[in-house]
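Survey of secondary and tertiary structure
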Protein chains: 2
Amino acid sequence: MSPRTKDQYSEIRRVSREKILSAALELFAKKGFHATSISQIAKKAKISKGLMYNYFKSKDRLLDEIIQNGFTELAGLSYHSTKSASPEEQLKNYVSAVLDNLYSNYVYWQLYLALLVHPDIQKRYEKKMKAFRDEFIREFSKLFRKLGAKNPKLETFLLGTYFDGLVLNFIAAEADFSVEEIKNALLSKYIENIHPKSKRKSG
Amino acid sequence: MSPRTKDQYSEIRRVSREKILSAALELFAKKGFHATSISQIAKKAKISKGLMYNYFKSKDRLLDEIIQNGFTELAGLSYHSTKSASPEEQLKNYVSAVLDNLYSNYVYWQLYLALLVHPDIQKRYEKKMKAFRDEFIREFSKLFRKLGAKNPKLETFLLGTYFDGLVLNFIAAEADFSVEEIKNALLSKYIENIHPKSKRKSG
DNA sequence: GTCTATACCAAGATAGAC
DNA sequence: GTCTATCTTGGTATAGAC
């Protein structure tokens, strides 16, 4: 029996951490932080309660790390689409990106929502959330300005509100409409309304 | 010392119940159901822990009653505005009503949101929530149809999504815009977009 | 690196005095 | 009708064996 190498141990640790993080993320998002117990996490991750504390100092620290991962993941959105494209195209791309991200990172968005809803928890991550929102506002305001909106910040606010509401609907209701339908409805509304001169080429 | 009459007792009971309900509502909405303890409720209501159980069988039953009250309150919205008015006027009235209600019943909306976010809790009140949403959809679909929308249900979905998002923003962020601004932005977007022929009288 | 056993505490809930 | 004291459970977290 050769003993395990450093790399092997490191890999084992990585996997275990990952199992815990993934189980916790899902439960926190679905049931909420307080409603989720370490036992439930351990069960879902198929490890013992004790092991969790080997990897995370406390339930709170576990949440911290998950949130941190979430922000990293969600920031991956980053609004650096093809800058050369027309504003309309850019808006399209952005909205598409957000909606698609909303699907692929569903669980993180659900968690993000839960944080928003409860002021107490929200306060703990206030700074990061603000940074996240601020970038959103900055980027979309620029865009709406280019599109000739009267009040770009207000438009951005409304769009952001739309997104928030969409997350809620994806989570809460049995989604009566497809992403494509919503995407189109949203875009046509915004683009035509803000920039009525530039009718999209028909055909 | 004359003993208290039946009515006096009944009134005392009413007041105590009310104190508990009000304290619990606020805490459930703000911190979430699971994050709120009976002790905290008792403290806020300025009663003893034990008394709570005199009025409610359990923490769960307490929540049940609060939710019930919430639906009653929110249903007070009811979309029976002046039927004689034009569809545009009606939409205006409805949107106004919802936004105003959103302010006056802030706490209930916050709670409603918290319920939506967590599928587990949501399931417990699924039926009532569905009834509530269904009425919303029915009424606004009618309206959007009158306004000549291509897909009234989709429009209703989008509007509902807006409202959901607005609730979130009122709760989560430090509201960058006034209700009036939002109301107008929303309405102008919807009305002009859906019914482009009928330009509002300028002047 | 992982588990079981256990300490410790706070939560929900009940009993009985006033 | 209200309170204090108490029971019981389940939670977070730690210790120590494997």
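The present account deals with the structure reproduced in this document. (Residues numbered from 1 in each chain as written. Chains lettered and ligands numbered in written order. Predicted model: local features only at pLDDT ≥ 70, side-chain atom pairs only at ≥ 80, totals over all residues. Heavy atoms only, no water.)

1. Side note on the packing of helix α4 (residues 59-75) of chain B against helix α8 (residues 126-146) of chain B
The angle between the axes and the distance between the axes are what describe a pair of packed helices. Residue and element names in this part refer to chain B. Under the convention used in this document: The angle between two axes is taken between their N-to-C directions and runs from 0 to 180 degrees, where each axis is a line fitted to C-alpha atoms and a helix contributes only its stretch in contact. Numbered from the N terminus, helices here are DSSP runs of H or I no shorter than four residues, and strands are runs of E no shorter than two. Roughly parallel means an angle under 35 degrees; roughly antiparallel means over 145; roughly perpendicular covers 65 to 115; every other angle is labelled oblique. Contact between two residues is taken to exist if any of their heavy atoms lie within 4.5 Å; hydrogens are not considered. By the convention adopted, Pro, Cys, Tyr, Trp, Phe, Met, Ile, Leu, Val and Ala count as nonpolar, Lys, Arg, Asp and Glu as charged, and the other residues, Gly among them, as polar.
Between α4 and α8, the shortest axis-to-axis distance is 11 Å and the interhelical angle comes to 5°. The angle between α4 and α8 falls in the class roughly parallel. Contacts between α4 and α8 involve Q68, F71, L74 and A75 on the former and, on the latter, K128, M129 and F132. Residue classes in the contact of α4 with α8 are distributed as five nonpolar, one polar and one charged.

2. What about the interface of chain B and chain A?
Defined as follows: Take the accessible area each of two parts loses on contact, using a 1.4 Å probe, and add the two losses: that sum is the buried area. Any Lys or Arg side-chain nitrogen located within 4 Å of an Asp or Glu carboxyl oxygen qualifies as a salt bridge. We define a polar contact as two N or O atoms separated by no more than 3.5 Å, with the added condition that, inside protein, one atom must be a possible hydrogen donor and the other a possible acceptor, whereas residues neighbouring each other in sequence contribute only through side-chain atom pairs.
Taken together, the contact between chain B and chain A spans 41 residues of the former and 41 residues of the latter. Contact between chain B and chain A buries roughly 4,000 Å² in total, counting both sides, with carbon and sulfur atoms accounting for 66%. Put simply, chain B and chain A have two salt bridges between them. The tally of links from chain B across to chain A stands at 10 residue pairs in polar contact (both at pLDDT 80 or more). For the side of chain B that touches chain A, the secondary structure elements donating two or more residues are α1 (6-31), α6 (106-117), α7 (119-124), α9 (152-172) and α10 (179-194) of chain B. Here the side of chain B that touches chain A takes 14 residues from α9 of chain B, the largest share from any one element. Within the side of chain B that touches chain A, the residues separate by chemical class into 21 nonpolar, 10 polar and 10 charged.

3. A closer look at the protein's contact with DNA strand D
What counts here: Only a single heavy atom is needed: when it lies within 4 Å of a molecule or strand, its residue is near that molecule or strand.
As a matter of local geometry, DNA strand D sits amid 18 residues, with I38 and Y53 of chain A together with R13, N54 and Y55 of chain B nearest to it. Considering the 4 Å shell around the protein, atoms of DNA strand D inside it are sugar or phosphate in 65% of instances. In the environment of DNA strand D, a phosphate oxygen lies 2.8 Å from a nitrogen or oxygen atom belonging to the backbone of I38 of chain A. For DNA strand D, a phosphate oxygen lies 3.1 Å from a polar atom in the side chain of Y53 of chain A. Among the elements of the structure, α3 (49-55) of chain A together with α1 and α3 (49-55) of chain B are those that each provide at least two residues to the surface near DNA strand D. Residue composition of the surface near DNA strand D, grouped by class: seven nonpolar, eight polar and three charged.

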